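# Structural overview
Chain by chain, the residues run as shown.
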Amino acid sequence: MKKLTRLCFFALVLLVIFFGQAISLYTDWLWFQEVGYTRIFTTTLTFKLTLGLVFGGLFFLLIYFNLKLAAHAPRNIRFLEQESAIELPSPELVDPLVQRLLLPVALVLGLFAGPQAAGHWQSLLLFFNSVPFGVADPLFNRDISFYVFRLPALTALYNWLTFSLGLAILATAFTYLLYRGVQYGPRGLFLTDRAKGHLLCLVAVFLLVKAGGYYLDAFELLYSSRGAAFGATYADVYANLPALRVLAVLALIASGLTLF
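Structural notes, computed from the coordinates. (Residues numbered from 1 in each chain as written. Predicted model: local features only at pLDDT ≥ 70, side-chain atom pairs only at ≥ 80, totals over all residues. Heavy atoms only, no water.)

### Quick notes on the overall build of the protein
When you go through the protein residue by residue, the secondary structure sums to seven helices and two strands. Moving toward the C terminus, one meets the helices and strands of the protein in the order α-α-α-α-α-β-β-α-α. In the protein, buried positions account for 33% of the 260 residues. Nonlocal contacts in the protein, meaning residues at least 24 apart in sequence, comprise 70% of its contacts between residues at least 6 apart. Accessible surface computed for the protein: about 16300 Å², of which carbon and sulfur atoms make up 71%. (Helix = DSSP H or I, 4+ residues; strand = E, 2+ residues; numbered from the N terminus. Buried < 20%, exposed > 50% of the residue type's maximum accessible area, 1.4 Å probe, protein only. Contact = heavy atoms within 4.5 Å. Areas by Shrake-Rupley, 256 points an atom, 1.4 Å probe, with all protein chains shown as cover.)

In structure tokens, the structure reads:
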């Protein structure tokens, strides 16, 4: 009976999430069918579904497995020097609830993340259909097609990774806190070896992605509107660009140091 109730609740959540989108999808199909461009509709829908399934699934796996790993932290950890300053229920009380809700919550989050990723289907199409323009920009000597076809998709991917990893780090740290893998006392923050290693690995990946973000930000300087004319100014070329490169290198170094 409990399983049936859970399935009904999950089905109701899916209905609420996708009912409005299904109506919009059906009306779009009728319009494309009327004007004779159903091929465009099916191509667009295929890319949207692919993006939604891939990135929604990746988001689900990222959240689920990190929280699952954190939820297997050793129970009843007590630091000898001090007790935690944060009063929380015992892991024995929290564990059944976490184990019961972990999978459905991760699935719902993945379902919400899928449509957000599907909204970037045009960037994906442009990325896979890049055509050289035969003209290079004077600052980075890259073909102009890179800024039209590839940069938007790479920027969208970077934004998705930073959000997903940031949420995974916060959720994992909170789970360790519930299981006493992380404790905060009068003398500061204390972590078990398991929690420290797990969180540092996530932080290392986040910093690696951040280094890529600084690298992409350099190309965005060509879209600068701070000067008298549109484009990279003298300050962008001789101050902001070197600063972004230094930040990218520092993020790479910091990513490596977190693993040692």
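Anyway, onward from the coordinates.
### Overview of the packing of helix 6 (residues 193–220) against helix 7 (residues 234–257)
The geometry of helix 6 relative to helix 7 is characterised by a closest axis approach of 8 Å and an angle of 165° between their N-to-C directions. On the basis of the axis angle, helix 6 is roughly antiparallel to helix 7. Seen along the crossing, helix 6 lies across helix 7 with a hand that is left-handed. Contact residues: Ala204, Leu207, Leu208, Ala211, Tyr214, Asp217 and Ala218 in helix 6; Leu241, Leu244, Leu247, Ala248, Ala251, Leu252, Ala254 and Ser255 in helix 7. Of the residues in the contact of helix 6 with helix 7, the class split is 13 nonpolar, one polar and one charged. (Axes fitted to C-alpha atoms, helices over the stretch in contact; angles between N-to-C directions. Parallel < 35°, antiparallel > 145°, perpendicular 65-115°, else oblique. Left-handed = near helix turned anticlockwise from the far one by under 90°. Nonpolar A, V, L, I, M, F, W, Y, C, P; charged D, E, K, R; others polar.)

### Considering a nonpolar patch on the surface
On the surface, Val246, Leu247, Val249, Leu250, Ile253 and Leu257 cluster together into a nonpolar patch covering about 540 Å² of accessible area. Following the sequence through the fold, Val249 ends up in helix 7. (Patch = residues over 30% accessible without salt bridge, like charges linked within 9 Å, V, L, I, M, F, W, Y side chains within 5 Å. Salt bridge = Lys/Arg side-chain N within 4 Å of Asp/Glu carboxyl O.)

### A closer look at the nonpolar core
In this structure, Ile63, Phe140, Tyr147, Leu151 and Phe219 are the most contacted members of the largest nonpolar core, which totals 33 residues. Within the residue set of this core, elements represented by two or more residues are helix 2 (38–70), helix 3 (91–118), helix 4 (121–128), helix 5 (145–178), helix 6 and helix 7. Looking at this core, the element that brings in the most residues is helix 2, giving eight residues. Excluding its chain neighbours within four sequence positions, the residues that come into contact with Phe140 are Tyr147, Ala218, Phe219, Leu222, Leu241 and Arg245. Tyr176, Leu177, Val182 and Ala195 belong to the second largest nonpolar core, which has six residues in total. (Core = buried A, V, L, I, M, F, W, Y, C linked by side-chain atoms within 4.5 Å.)

### Thoughts on the packing of aromatic side chains
Considering all chains together, one arrives at twelve aromatic pairs under this definition. Plain terms: the ring middles of Phe60 and Tyr64 are 5.5 Å apart, the flat faces sit at 20° to each other, and that makes the pair stacked. Of this pair, Phe60 and Tyr64 both sit in helix 2, separated by four residues, roughly a single helical turn. Of the residues examined, Phe60 reaches a relative accessible area of 17% and is grouped as buried. Positioned over the ring face of Phe127 is Arg150, at 4.7 Å from the centre of the ring. Lying across the ring of Tyr214, Lys210 places its NZ or CZ 5.6 Å from the centre. (Phe/Tyr/Trp six-rings, centres within 6.5 Å; stacked < 30°, edge-to-face > 60°. Lys NZ or Arg CZ within 6 Å of the ring centre and 35° of its normal.)

### Observations regarding the packing of helix 4 against helix 5
Contact geometry for helix 4 and helix 5: axes closest at 8 Å, N-to-C directions at 130°. Here helix 4 is positioned oblique relative to helix 5, judged by the angle of their axes. You can see that helix 4 and helix 5 cross each other, and the crossing is left-handed. Residue-level inspection shows Ser123, Leu126 and Phe127 of helix 4 in contact with helix 5, the latter providing Val148, Phe149, Arg150, Pro152, Ala153 and Leu154. When grouped by side-chain class, the residues that make up the contact of helix 4 with helix 5 number seven nonpolar, one polar and one charged.

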